[in-house]
Amino acid sequence: MKTQYIAAAVLSAMLLNPLPAGAEGKNGVAAVVNGEKITVAELKDSYNALPQLKSQISFDQFYSRMVEAKATETAILQAAKKANIESTPEYKKQLDAVKKQVMSNVYIQQQVESKITDNDVKNLYNQYKKEFKPQKEMSARHILVGDEATANDIIAKIKKGESFDQLAKTYSEEKNPNLGYFTKQMMVPEFADAAFRMKKGQYSQKPIKTNFGYHIIIVDDIRDSKPISYQEAEPQLRQALAQKTAQGVLKNILDNAKIEQYQLDGKPMPKTPAAQ
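Reading the values: the criteria
Residues numbered from 1 in each chain as written. Predicted model: local features only at pLDDT ≥ 70, side-chain atom pairs only at ≥ 80, totals over all residues. Heavy atoms only, no water. Helix = DSSP H or I, 4+ residues; strand = E, 2+ residues; numbered from the N terminus. Buried < 20%, exposed > 50% of the residue type's maximum accessible area, 1.4 Å probe, protein only. Contact = heavy atoms within 4.5 Å. Areas by Shrake-Rupley, 256 points an atom, 1.4 Å probe, with all protein chains shown as cover. Salt bridge = Lys/Arg side-chain N within 4 Å of Asp/Glu carboxyl O. Phe/Tyr/Trp six-rings, centres within 6.5 Å; stacked < 30°, edge-to-face > 60°. Lys NZ or Arg CZ within 6 Å of the ring centre and 35° of its normal. Pairing = 2+ DSSP bridges. Expected span 1.5 Å × (residues − 1). Bend = angle between axes of the 7 residues up to and from the residue. Core = buried A, V, L, I, M, F, W, Y, C linked by side-chain atoms within 4.5 Å. Axes fitted to C-alpha atoms, helices over the stretch in contact; angles between N-to-C directions.

Engineer: Go over the overall build of the chain with me, naming the residues and quoting the values.
Structural biologist: Each helix and strand in the chain was counted, giving nine helices and six strands. A burial count over the chain gives 29% of its 276 residues as buried. Counting contacts in the chain only where the partners sit at least 6 residues apart, residues at least 24 apart contribute 69% of the total. For the chain, the accessible area works out to roughly 18,600 Å², and carbon and sulfur atoms hold 52% of it.

Engineer: Run through unusual backbone geometry, naming residues and quoting values.
Structural biologist: Its identity as a non-glycine residue notwithstanding, Asn34 has a phi of 50 degrees, on the positive side. Looking at Asn34, the relative accessible area reads 71%, which means it is exposed. With a phi angle near 60 degrees, Asn84 is a residue other than glycine that sits in the positive phi range. One can find Asn84 in the loop between helix 3 (59–82) and helix 4 (89–115). Take Asn84: its relative accessible area is 44%, and that puts it in the partly exposed class.

Engineer: Run through the pattern of salt bridges, naming residues and quoting values.
Structural biologist: Taken as a whole and assessed by the stated rule, the structure comprises eleven salt bridges. Notably, a salt bridge pairs Glu234 with Arg238, separated by 3.0 Å at the nearest N-O pair. Taken as a pair, Glu234 and Arg238 lie in helix 9 (residues 230–255) at a separation of four residues, close to a single helical turn. Three or more residues are tied together by salt bridges with common partners; here these are Asp118, Glu234 and Arg238.

Engineer: A description of the packing of aromatic side chains should follow, citing residues and the corresponding values.
Structural biologist: Within a pair of aromatic rings, the relevant descriptors are the distance that separates the centres and the angle that separates the planes. As enumerated under the stated definition, the model contains nine aromatic pairs in all. Between Phe59 and Tyr63, the aromatic rings sit 5.9 Å apart at their centres with planes inclined by 55 degrees, giving tilted as the arrangement. In this pair, Phe59 and Tyr63 are both assigned in helix 3, four residues apart and thus about one turn of the helix distant. The two residues Phe59 and Tyr63 agree in class, both being buried. Lying over the aromatic face of Tyr181, Arg223 brings its terminal NZ or CZ to 3.5 Å of the ring centre.

Engineer: Residue-level account of the pairing of strand 3 (residues 136–145), with values.
Structural biologist: When you tally the buried positions in strand 3, you get nine out of ten residues, the bulk of the element. When strand 3 meets strand 6 (residues 213–224), the two strands line up antiparallel, connected through ten bridges. Bridging across to strand 6, Leu144 finds its partner in His215. When strand 3 meets strand 4 (residues 178–183), the two strands line up antiparallel, connected through five bridges. Counterpart to Ala140 in the pairing with strand 4 is Gly180.

Engineer: Please set out helix 3 residue by residue, giving values where relevant.
Structural biologist: Across its 24 residues, helix 3 extends 33 Å between first and last C-alpha, which sits within 8% of the 34 Å expected from 1.5 Å per residue. Approximately 35 degrees is the largest bend angle found in helix 3, and it occurs at Met66. For helix 3, every residue scored as buried is listed here: Phe59, Gln61, Phe62, Tyr63, Val67, Ala71, Thr74 and Gln78. Along its buried surface, helix 3 packs onto strand 1 (29–33), strand 2 (36–39), helix 1 (40–48) and helix 2 (51–54). Backbone geometry just after helix 3 places Asn84 at a positive phi near 60 degrees.

Engineer: Break down the nonpolar core for me, citing the residues and quoting the values.
Structural biologist: In a soluble, globular protein the nonpolar side chains are often hidden away together inside. Core analysis: the biggest nonpolar cluster contains 15 residues, and Met138, Ala140, Phe182, Met187, Phe191, Ala195 and Ile217 have the highest contact counts within it. At four residues, helix 8 (residues 189–195) tops the list of elements feeding residues into this core. If we skip the residues at most four places from it in the chain, Ile217 touches Ala140, Arg141, His142, Phe164, Phe191, Ala195, Met198, Gln202, Tyr203, Ser204 and Ile208. With 13 residues, the next largest nonpolar core counts Ala30, Phe59, Tyr63 and Ala71 among its residues.

Engineer: Please set out the sheet that holds strand 5 (residues 208–210) residue by residue, giving values where relevant.
Structural biologist: Here four strands make up an open sheet; going across it, the order is 4-3-6-5 and the pairing antiparallel. In this open sheet, the two strands that pair with only one neighbour each are strand 4 and strand 5. Taking each pair of neighbouring strands and ignoring which way they run, the sheet shows an average axis angle of 45 degrees. Packed onto the sheet, helix 6 (residues 148–159) meets strand 3 and strand 6 and runs at close to 45 degrees relative to strand 6. Sitting on the sheet, helix 7 (residues 164–171) touches strand 3 and strand 6, and the angle it makes with strand 3 is about 45 degrees.

Purely spatial values, then, with no claim about function.
See below:
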């Protein structure tokens, strides 16, 4: 997947393809642990509850990573219940601490959400469009292998007219060769320098070595980048506004609270100068 090679992500590059329609595990079930079902719907709910993550990876990528993690979590939970962990003092102590943290988090979240309007998001998007500066971006495919000799053999096959995509299926460590559109800043330097020296339709005449292995690149298109749509940008914009608003909410809470702090010797704690 191309996100492995991102060195410095930008707003317009965070959105990837969604899960194909109709892909719903086995009759809606993602996994079964000792008879207990984990549904695709549960994983979708977890994904939808993480707007920042949604802006960075697609659901199919999230799904492939989370099925095993969720199954492991379920197996551990089943074992804990069997051991009657819920009745132990340590469990009750940690549960109380978690409840306090959740209460704080939910309060901050509700306060933040109540202060962010659709107009705030649209205004931030308009600012993004106004300040947007086009960059050269390209659409490319690549084949990734672990050694230089194999990469050279693949290049020789391409020169003989063999299909790039078929060679990717046969040899590449990443079975989807399509990287989509990216700017030079989005890729590791070795990859980016080689790719952006090429013209549309050209492919690597020698392997490109990075920390990930050896790449063969083919350039499909080159164009000037454009601002992404409001619909695509909205999750990231709301997240940016939420982070900024949360700081104000916290400041207001502290400004209106009477807080007395003491050192270990019982003397009043010196006040920390307010940040300018």
